[in-house]
Amino acid sequence: TLLEEEWSYAVEGYLGKSFEKFIVHSVKDLKTLQGLVRSAKIVPEPQLVVLPLNQAAYKIPQHQLPDPRFKTLLGTIRVDNAACFNAIIDESSPEAIILFHKLEDAKAVMFGRQQPINVKDAFSVEQSLTLKISFGTQVMNFLKAGIPRLQADVSELLKQTTAQLRERQQRLPPIQKDHGAI
């Protein structure tokens, strides 16, 4: 599920190919599915990934994540299926992709004097340009062709926002509540 609509092109650009793959539990399952694909004459053949379907979702240790002040691609999605989550982590490392609204902020972090720890790429969406910035001088334009396949679940976003608002209201000092400041 896409949690933040504004990053839909980043999610599509980095994770889009993952949405086209099939995950199988074993090499035996892989060979069976390959045989079915060939006998059905499916062209092009889908990409297949072998991962244990009964394995728990990866827990990424805090020391392997970027500085918490950075928004990561992983923080903009929710993947409920453990095998799908693990495949996305293995293939794309969304926990190591940091997101920026302003291109200048992304450049300052990626090309600054001290490179950020545990960061693979920075992604910026500004003035209808979608740019991927890697260490060094690489800047790549992600095309905004078509509609991203993941769309935010509006009802889920509304539930999260309402819960955050209630939590903040509960933390208000009693004087504000008593005097109708909110």
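None of the values given here were measured: they were computed from a predicted structure.

Chemist: Would you explain the overall build of the protein chain in this entry?
Modeler: Scanning the protein chain from N- to C-terminus turns up six helices and seven strands. For the protein chain, the N- to C-terminal ordering of α and β elements is α-β-α-β-β-α-β-α-β-β-β-α-α. Among the 182 residues that make up the protein chain, the fraction classed as buried is 30%. Look at the contacts in the protein chain between residues 6 or more apart in sequence, and 63% of them connect residues 24 or more apart. For the protein chain, the accessible surface area stands at approximately 11900 Å², while carbon and sulfur atoms represent 55% of it.

Chemist: Hey, could you run me through the layout of surface pockets in this one?
Modeler: Gaps left between atoms show up when a probe the size of a water molecule is rolled over them. In this structure, the largest pocket encloses a volume near 310 Å³. Around the largest pocket, the lining is made up of 19 residues, and of these Ser18, Phe19, Val79, Cys84 and Ile88 lie nearest the centre. Elements that contribute at least two residues to the lining of the largest pocket include exactly helix H1 (8-15) and helix H3 (82-92). Top element by residues in the lining of the largest pocket is H3. It accounts for five residues. Looking at the lining of the largest pocket residue by residue, the class counts come to twelve nonpolar, two polar and five charged. Volume-wise, the second largest pocket comes out at about 170 Å³.

Chemist: Mind showing me how you'd approach the environment of Tyr14 here?
Modeler: The topology assignment puts Tyr14 in helix H1. For the pair Tyr14 and Glu91, spaced 77 residues apart in sequence, the C-alpha to C-alpha distance is 9.6 Å. At a separation of 3.3 Å, a polar atom in the side chain of Tyr14 contacts the side chain of Asp121.

Chemist: Just checking my understanding: could you explain the side chain of Thr76 for this structure?
Modeler: Tracing the sequence through the fold places Thr76 in the loop between strand S3 (71-72) and H3. Using a relative accessible area of 0% as the deciding quantity, one classes Thr76 as buried. The contact partners of Thr76, leaving out residues within four places of it in the chain, are Thr1, Leu2, Leu3, Glu4, Trp7, Val11, Lys71 and Leu99.

Chemist: Help me understand the nonpolar core, please; the structure alone is not making it clear to me.
Modeler: Soluble globular proteins tend to bury their nonpolar side chains together. Counting residues in hydrophobic clusters, the biggest one holds 15 residues, and the most contacted among them are Val11, Tyr14, Leu15, Leu73, Ile77, Leu99 and Phe123. Mapped onto this core, the elements with two or more residues apiece are H1, H3 and strand S4 (97-100). Sorting elements by how many residues they give to this core places H1 first, with four residues. Grouped together as the second largest cluster of nonpolar side chains are eight residues, Phe70, Phe100, Val109 and Ala122 included.

Chemist: In this structure, what is going on with the side chain of Glu95? I would like to understand it.
Modeler: Among the structural elements, Glu95 can be located in the loop between H3 and S4. The contact partners of Glu95, leaving out residues within four places of it in the chain, are Ile60, Leu65, Pro66, Thr72, Leu74 and Ile89.

Chemist: In this structure, what is going on with unusual backbone geometry? I would like to understand it.
Modeler: Excluding glycine, most residues fall at negative phi; most peptide bonds, likewise, are trans. The omega angle of the peptide bond from Val43 to Pro44 is -5 degrees, so this bond is cis rather than trans. Tracing the backbone through its elements, the reader meets Pro44 in the loop between helix H2 (27-39) and strand S2 (48-50). Phi angles above zero are rare outside glycine, and Asn118 is one such case at about 65 degrees. The partly exposed category is assigned to Asn118, whose relative accessible area is 29%.

Chemist: How do you make sense of the pairing of strand S5 (residues 121-126) when you look at a structure like this?
Modeler: In the case of a regular strand, side chains alternate between the two sheet surfaces. Where S4 lies against S5, four bridges are found, and the strand directions are parallel. Among the inter-strand pairings, Leu99 is bridged to a residue of S5, identified as Phe123.

Chemist: How do you make sense of H1 when you look at a structure like this?
Modeler: Since the α-helix advances by 3.6 residues per turn, residues separated by three or four positions end up pointing in the same direction. Buried within H1 are the following residues: Ser8, Ala10, Val11, Tyr14 and Leu15. Seen from one end, H1 has its buried residues packed into an arc of 160 degrees, which puts them on one side.

Chemist: Help me understand the pattern of salt bridges, please; the structure alone is not making it clear to me.
Modeler: For side chains bearing opposite charge, pairing can occur when the charged atoms are close. Summed over the entire model, instances satisfying the criterion amount to five salt bridges. Taking the shortest distance from any N to any O, the salt bridge between Glu4 and Lys71 comes out at 3.0 Å. In this pair, Glu4 sits in the segment before H1 while Lys71 sits in strand S3, placing the two residues 67 residues apart along the sequence.

Criteria and cut-off values
Residues numbered from 1 in each chain as written. Predicted model: local features only at pLDDT ≥ 70, side-chain atom pairs only at ≥ 80, totals over all residues. Heavy atoms only, no water. Helix = DSSP H or I, 4+ residues; strand = E, 2+ residues; numbered from the N terminus. Buried < 20%, exposed > 50% of the residue type's maximum accessible area, 1.4 Å probe, protein only. Contact = heavy atoms within 4.5 Å. Areas by Shrake-Rupley, 256 points an atom, 1.4 Å probe, with all protein chains shown as cover. 1 Å grid on protein atoms, 1.4 Å probe; cavity = no way out; pocket = protein on both sides within 12 Å on 5 of 7 lines; lining within 4 Å. Points joined across faces, edges and corners; volume = space filled by probe spheres on them. Nonpolar A, V, L, I, M, F, W, Y, C, P; charged D, E, K, R; others polar. Polar contact = N/O pair within 3.5 Å; in protein donor to acceptor, adjacent residues only side chain to side chain. Core = buried A, V, L, I, M, F, W, Y, C linked by side-chain atoms within 4.5 Å. Pairing = 2+ DSSP bridges. Arc of directions from axis to C-beta. Salt bridge = Lys/Arg side-chain N within 4 Å of Asp/Glu carboxyl O.

Purely geometric stuff here, so don't read any function into it on its own.
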